[in-house]
Structure formats: structure tokens, C-alpha cells
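# Remarks on the overall topology
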Amino acid sequence: MLTEERKEAVIELCRELIRRQSYSGHEEGVVAVLKDFYTRHGFDEVTTDKYGNIIGVIHGKRPGKKLLFDGHIDTVPVPDPSVWNHDPFAAEIEDGKIYGRGTSDMKGADAAMAVAAASFAEDTGRDFAGDIYIAGVVHEECFEGVAARNISRTVQPDYVVIGESSNLNLKIGQRGRGEVVVETFGVPAHSSNPDKGVNAVYSMCRLVSEIRKVKAPHHDFLGDGILELTDIKSSPYPGASVVPDYCRATYDRRLLVGETKESVLAPIQEIIGRLSAEDPKFRAQVSFARGKEKCYTGETIEGERFFPGWLYDENEDYIQDILNELHSMGFDPQVTKYNFCTNGSHYAGEAGIRTIGMGPSLESLAHTIDEYVSLDQLTGVTERYIGILRALLS
């Protein structure tokens with residue numbers, strides 16, 4: 001039961017998390033707040049790993065499944081605080097809303113998960129079957145699912161609840177995301193004698209024109225797979241009097257279930273092979289981008305930017321158990337999908353762990369100026385998380 005005291009607790013915890021600026025790689029302030037909450041509420045274990053992910057654990061008195069709540073604790077930056085009507089790190093409350101960077105994406109859910117777990121443990125006297133894990137995940141904004149790999153290896157959960165914004169609806173899938181890099185290689189020359197060289201930009205123009213003809217696949221539930229050009233860079237830049245000998249283009253590829261690294265690159269590799277056969281001077285390659293970032297612990301996190309899509313059947317037993325419990329509480333969530341990429345790319349897409357998503361607020365509020373979460377959504381999702389715990393661990 002979500003008492004008024006517990007409603008105040010989740011509101012205050014959310015505000016305290018917002019006050020701790022936690023851009024990717026600088027999440028230590030949020031980790032300290034969560035560690036204090038977990039300790040004060042008698043969690044059985046509180047640990048941090050090499051990347052700085054924090055995991056709080058409550059063990060039930062009876063054997064059962066492991067349920068992991070996943071909430072990332074990093075946020076995108078605030079480029080210009082002066083354009084906000086509310087201080088992005090003051091957690092001001094106005095008109096029934098908490099304003100601040102990360103309120104919707106996703107410190108509101110982080111707070112709700114913590115309070116829901118503590119409340120469920122108190123209400124049951126810990127007489128439930130299984131174990132509750134709450135993960136505060138770093139660097140999600142840079143690498144969806146990469147830091148989460150370390151968590152699932154450690155926890156080996158049976159179920160995962162992703163807390164990304166869902167307007168209190170139940171998410172059973174999402175498109176994935178790949179960052180495809182296409183490179184062309186030329187021969188440098190003085191621009192007054194261009195015939196002496198091979199212009200890598202012209203080669204890229206030919207390649208881009210052909211790639212534009214590639215039709216990405218479609219899924220009736222998840223929608224279209226997307227292949228969209230997002231940037232082109234040539235070298236040297238600026239190229240004063242020099243024919244560029246290198247050009248790099250990046251594509252955002254939205255992935256559907258069942259797509260692999262090989263199947264995504266294959267159409268582009270076929271085009272490169274054909275153009276190379278037509279013109280011996282044409283040289284190009286395609287790959288997935290790699291990222292590398294520093295964690296607040298000093299550890300380096302890196303990975304290939306390929307994050308699979310995932311989808312579960314609404315009729316799966318665990319999803320029906322959750323829906324039945326929520327219906328019994330008077331809630332009627334829609335069963336739908338995320339439009340963006342989440343840590344579910346690892347848990348469901350890579351590891352095959354039974355996963356759902358539910359969080360407070362609207363997806364469209366993520367990364368916006370004057371980002372907010374409504375108090376009703378914040379307390380509402382806390383109550384629903386308690387319902388999910390009852391459904392899967394009772």
C-alpha cells in the first residue's frame with residue numbers, strides 16, 4: 001500500500017537525485033544518495049561494480065525468482081541552463097510537477113523503484129519468494145546495454161523491469177539501434193591538379209546515392225527499420241587546395257527483432273563490392289562505430305554501437321501475471337512498445353531475459369528543456385511497481 005508517508009518519500013528521493021548532477025561518467029553523487037537510502041531501509045546488500053553501477057538487494061525468506069529493476073542514473077547534459085524556466089538541478093515543484101534534468105529520464109523511476117522495493121519488503125515482512133535487485137546503471141546515454149552486461153552477469157536475473165518513461169503503460173519491446181560507419185579512401189593531390197588524385201568525397205557521394213536505395217525491413221508491431229544518414233566528414237578539413245583522401249559517413253540504423261550485425265551490413269557490403277568491381281579506384285568499407293568513455297571510478301567502458309531490438313508476446317505467462325495483478329489494483333495499462341532504445345537491448349535482445357518496461361512520464365519529455373515528471377505519475381508508478389513485485393514474487 002502506498003501511504004501518504006511513502007508518497008512523500010518517493011517525491012523527496014526523486015528531488016534529491018535531481019539535485020545531484022550526473023552527466024554520463026559523473027554519476028557518483030546519485031550513487032551516494034541511493035546507497036544511503038538502501039542502507040537506511042535495511043537492504044541486505046549494497047554493492048558497486050568497476051563501472052560504478054550500484055545494486056541494492058533485498059532477499060525474500062523463501063526461494064524463488066530474481067527480479068531486477070533497471071534504471072540508468074546518468075543524464076544528458078544541459079547545454080544552456082539560462083533557457084530553462086526552472087533551475088535544472090533545483091528540483092522545484094510547481095503545478096504538481098517536479099522540474100529538472102533527469103526527472104523523466106529517468107530519476108523519477110529510480111526513486112520509485114527504491115521506494116517500491118522497500119515498501120514491498122516492509123508490507124510482506126520479507127516473506128516473499130525470491131530476491132529483489134535494483135540497479136542504478138551508469139553510461140546508458142552513451143551505450144544502451146553495455147554497462148548492463150556487467151549487471152546481468154553478476155545478478156543473473158529471471159525477470160527485468162526497465163523503468164524508462166512509458167506513461168504508466170506496459171512495454172513489451174523496442175527497436176534496437178546500430179551506428180553504421182561507412183568510409184571511403186582516395187588519393188591526395190593538389191586541387192589545381194585533381195586528376196592526379198582520387199577524391200574520397202566523390203566516392204562517398206556515389207556510395208551514399210546507392211545506399212539510399214536500400215529498403216530497411218518492416219515489423220507489424222515495432223514499425224520500420226530505419227537507415228538514415230546523420231553526418232559526413234572529410235579529411236583533411238579544412239581542405240585548402242587539397243583533394244580529400246578520406247571521407248566518413250555515419251548512419252543511424254533502427255533495428256528490428258532478428259536482425260544481426262551481419263544482416264545489417266550485408267546490403268552495404270554488396271554495394272561496395274559492386275562499385276569496386278566497376279571502378280578499380282573506388283575503395284570503401286563499412287563497420288559499426290565503437291565508443292569509449294571514462295567512468296567516475298576511473299575504469300574505461302567501451303563497446304560496439306550495436307544494440308539489438310527485442311519483443312515478447314503479450315500472452316507470455318509473466319506478462320499476463322503482471323497485467324492480472326495491475327487490473328486487480330484498478331489499473332488498465334496499454335500494452336505497447338518503446339520508440340527509443342533502452343538497456344532492454346542487452347537484457348532481452350542479447351541475453352534473452354524476460355523483460356518488460358514501465359515508467360512514469362512521457363517518452364517525449366526526455367532530454368527536453370524544462371523536463372519534468374508529474375507527482376501523480378511518480379507516485380502512480382511506485383504503486384504499480386509494488387504490484388509487479390506481488391505478481392512475480394508472491
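Given the structure is predicted, the values throughout are model-derived calculations rather than measurements. (Residues numbered from 1 in each chain as written. Predicted model: local features only at pLDDT ≥ 70, side-chain atom pairs only at ≥ 80, totals over all residues. Heavy atoms only, no water.)

This next bit is on the overall build of the protein. When its secondary structure is counted, the protein shows nine helices and 21 strands. For 394 residues, the compact-globule formula gives about 21 Å, and the C-alpha radius of gyration of the protein, at 24 Å, lands near that figure. With respect to the principal axes defined by its C-alpha atoms, the protein has extents near 80 × 45 × 35 Å. Every one of the 394 residues in the protein was classed for burial, and the buried ones make up 55%. The contacts in the protein between residues at least 6 apart in sequence include a share of 79% that link residues at least 24 apart. (Helix = DSSP H or I, 4+ residues; strand = E, 2+ residues; numbered from the N terminus. Rg over C-alpha atoms; globule rule 2.2 N^0.38 Å. Buried < 20%, exposed > 50% of the residue type's maximum accessible area, 1.4 Å probe, protein only. Contact = heavy atoms within 4.5 Å.)

The next thing to look at is helix α3 (residues 103-124). The end-to-end C-alpha distance of α3, which contains 22 residues, comes to 29 Å, matching closely the 32 Å that a straight helix rising 1.5 Å per residue would cover. Most of α3 sits out of view: 19 of its 22 residues are buried. Where α3 terminates, the next one or two residues include G125, which has phi positive at roughly 60°. (Expected span 1.5 Å × (residues − 1).)

What follows deals with the packing of aromatic side chains. With the rule as written, the count across this model stands at twelve aromatic pairs. Ring geometry for F185 against Y246: centres 5.7 Å apart, planes inclined by 50°, an arrangement best described as tilted. On the criterion of sequence distance, the pair formed by F185 in strand β9 (residues 176-185) and Y246 in strand β13 (residues 246-255) is long-range, its members being 61 residues apart. Members of the aromatic cluster, joined through ring pairs, are Y159, W310, Y312 and Y318. Directly above the ring of Y372 sits K97, whose terminal nitrogen or CZ lies 4.4 Å from the centroid. In this structure, K337 packs its charged tip against the face of F221, placed 5.7 Å from the ring centre. (Phe/Tyr/Trp six-rings, centres within 6.5 Å; stacked < 30°, edge-to-face > 60°. Lys NZ or Arg CZ within 6 Å of the ring centre and 35° of its normal.)

In terms of residue burial, β9 counts as a mostly covered element, since eight of its ten residues are buried. Relative to β13, β9 runs antiparallel, the two being bridged by ten bridges. Among the inter-strand pairings, E183 is bridged to a residue of β13, identified as R248. (Pairing = 2+ DSSP bridges.)

Tallied over the entire structure, the rule returns 23 salt bridges. When the shortest N-O distance is used, the salt bridge between R177 and E179 registers 3.4 Å. By relative accessible area, which is 12% here, R177 ends up buried. Note that K261 and E304 form a salt bridge whose closest N and O atoms lie 2.6 Å from each other. One end of the pair, K261, is in helix α6 (residues 261-278); the other, E304, is in strand β16 (residues 300-304), and 43 residues separate them in sequence. On the accessibility criterion, K261 (35% relative accessible area) is partly exposed. Taken together, the shared-partner salt bridges connect E144, R177, E179 and R305 into one network. (Salt bridge = Lys/Arg side-chain N within 4 Å of Asp/Glu carboxyl O.)

None of this, on its own, says anything about what the molecule does.
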